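A look at the structure
The primary structure of each chain is shown beneath.
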Amino acid sequence: MSVLVTGGTGFIGSHTAVQLAQAGEDIVIIDNFSNSKPEVLGKLKTITGKEMRFYEGDIRDGTVLDKIFSENAIEAVIHFAGLKAVGESVEKPLEYYENNVGGTVNLLEAMKRRGCKKMIFSSSATVYGNDNPVPFVEDMSTSAINPYGWTKVMIEHILESVCASDPEFSAVLLRYFNPIGAHKSGLIGEDPQGIPNNLMPYIMKVAAGELPYLRVYGADYDTVDGTGVRDFIHVVDLADGHVAALRYARAHAGVEAVNLGTGKGTSVFELVSAVEKVTGIKIPYEVVGRRTGDIAICYADASKAKRLFEWKAKRGIEEMCEDSARWALKNKIL
Ligand code: NAD
Ligand code: UFG
């Protein structure tokens, strides 16, 4: 039996493919390369020593999904494929609903045609919205403040409905906090196109001298040093969380939302200092106004993942910064 990884050449999907392969899973990947590159496939082979079956295609295309399901015995789907830029989702909401929600419905229909009843879904801490107190706990209410976030809330509801309609279906909704870092080999990592929106890729471009300085979006929050606080998690820890979630889904039917975070918050200034410490490079910055839609503090209650999956994040902030920098260096970003 095989595991289908949608979006498997992307940032989190590629790291998860490595951890799954190393755990002995047989993997099939589908990606349309809308936000990743074909070179990743060779790198996955170099790291794991295994050939992964790959289909270049779109999850909105039922024909390619039927081909995958007929050529492989797919037992479970780990579903990363989706668009993820918050700002772009405000400008192009229909693209986000069509790709993320429409694509997931199409994928679930293909799974239904083949009797595949396990899905691990890439949700996000963004579903906790702006009004819940930290730490975020899985049974809190969900909402969103932009189309990207609404696609995650909607897909969570769709999977709840699927599980309610079919007592054999198992869906794990993994709510990721802020993944950074990269594989130790320096071969795979986050490779955003254009000017990055997220903090760590932006810091790496500043360290490389490609961008002049970091804009810190607000230093007047009620936090340790006034800057925003996030739960940064090493992408390899996050990937291991998927291996654990798959094990759980094999043993349990029904729907479960589970946070994948460290349970610890780090401020923007603290992250900048950690990068400066491990690289020896000064990161110039300027404090500017708050970014619309940002919350002050976001971190997980990580106890459910430990209880259900026997998983917890192991890698600290310095290791995350070292690995991000190694990846940037190897790829001549730094
Ligand atoms: P990514 O863009 O690196 O990976 C997504 C992959 O999916 C890309 O390789 C892209 O080419 C592919 N893809 C997109 N639409 C597709 C389609 N219709 N058909 C086939 N392939 C398609 O993003 P990532 O950071 O690896 O995120 C993976 C998932 O995790 C996404 O669903 C994202 O929303 C979610 N997530 C990410 C973060 C984060 O900070 N990175 C946080 C929370 C949730
Ligand atoms: N920040 C800056 N300058 C920048 C970029 C970010 O100061 O150039 C600050 C932000 O204001 C925030 C913190 O750094 O305080 C983290 O910002 P990111 O953009 O890296 O991450 P977010 O927490 O805003 O959002 C990310 C993903 C979302 C996801 C969310 C929760 O982009 O898709 O984590 O998982 F929903």
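Above: the structure in question.
Here is a short report on the structure shown in this document.

The rules we used
- Residues numbered from 1 in each chain as written.
- Chains lettered and ligands numbered in written order.
- Predicted model: local features only at pLDDT ≥ 70, side-chain atom pairs only at ≥ 80, totals over all residues.
- Heavy atoms only, no water.
- Near = heavy atom within 4 Å.
- Polar contact = N/O pair within 3.5 Å; in protein donor to acceptor, adjacent residues only side chain to side chain.
- Helix = DSSP H or I, 4+ residues; strand = E, 2+ residues; numbered from the N terminus.
- Nonpolar A, V, L, I, M, F, W, Y, C, P; charged D, E, K, R; others polar.
- Domains from an automatic or database assignment.
- Core = buried A, V, L, I, M, F, W, Y, C linked by side-chain atoms within 4.5 Å.
- Buried < 20%, exposed > 50% of the residue type's maximum accessible area, 1.4 Å probe, protein only.
- Contact = heavy atoms within 4.5 Å.
- Pairing = 2+ DSSP bridges.

This part covers the site of ligand 2. Neighbouring ligand 2 are 20 residues; Ser-124, Asn-198, Arg-215, Arg-230 and Asp-294 lie closest to it. Between an oxygen atom of ligand 2 and a side-chain N or O atom of Arg-291, the distance comes to 2.8 Å. At the level of secondary structure, the elements contributing two or more residues to the shell around ligand 2 comprise helix 7 (199–207) and strand 8 (214–217). Here the element with the most residues in the shell around ligand 2 is strand 8; it accounts for four residues. Residue classes in the shell around ligand 2 are distributed as ten nonpolar, six polar and four charged. Inspection of the shell around ligand 2 shows a minimum of three residues originating in each of domain 1 (2–180 + 233–260) and domain 2 (199–230 + 263–330).

Attention now goes to the nonpolar core. In terms of nonpolar packing, the biggest core is built from 38 residues, with Ile-27, Leu-44, Val-172, Leu-174, Phe-309 and Trp-311 touching the most fellow members. Broken down by element, the residue count for this core peaks at nine residues, all from helix 8 (residues 235–251). Apart from the residues lying within four places of it in its own chain, the contact partners of Val-172 are Met-119, Ile-120, Phe-121, Ala-245, Tyr-248, Ala-249, Glu-256, Val-258 and Phe-309. Judged by nonpolar contacts, the second largest core, of 26 residues, contains Val-28, Leu-108, Met-111 and Leu-173.

This part covers the sheet that holds strand 14 (residues 297–298). Strand order in the open sheet formed by three strands is 12-9-14, with mixed pairing between adjacent strands. The two strands at the open ends of the sheet, each matched to only one other strand, are strand 12 (266–267) and strand 14. Pairing between strand 9 (residues 229–230) and strand 12: two bridges, direction antiparallel. Residue pairing across strands places Arg-230 opposite Thr-266, the latter belonging to strand 12.

For the rest of this paragraph, the subject is the environment of Arg-60. One can find Arg-60 in the loop between strand 3 (53–56) and helix 3 (62–71). A residue is classified by how much of its surface remains accessible, and Arg-60, at 33% relative accessible area, is partly exposed. Sequence-wise, Arg-60 and Gln-19 are 41 residues apart; in three dimensions their C-alpha atoms are separated by 27 Å. Setting aside anything within four residues of it in sequence, one finds Arg-60 in contact with Asn-32, Glu-98, Asn-99, Gly-103 and Asn-106. A polar contact of 2.7 Å, which involves the side chain of Arg-60, links it to the side chain of Asp-58. Polar side-chain contacts of Arg-60 include one of 3.3 Å to the side chain of Asn-99.

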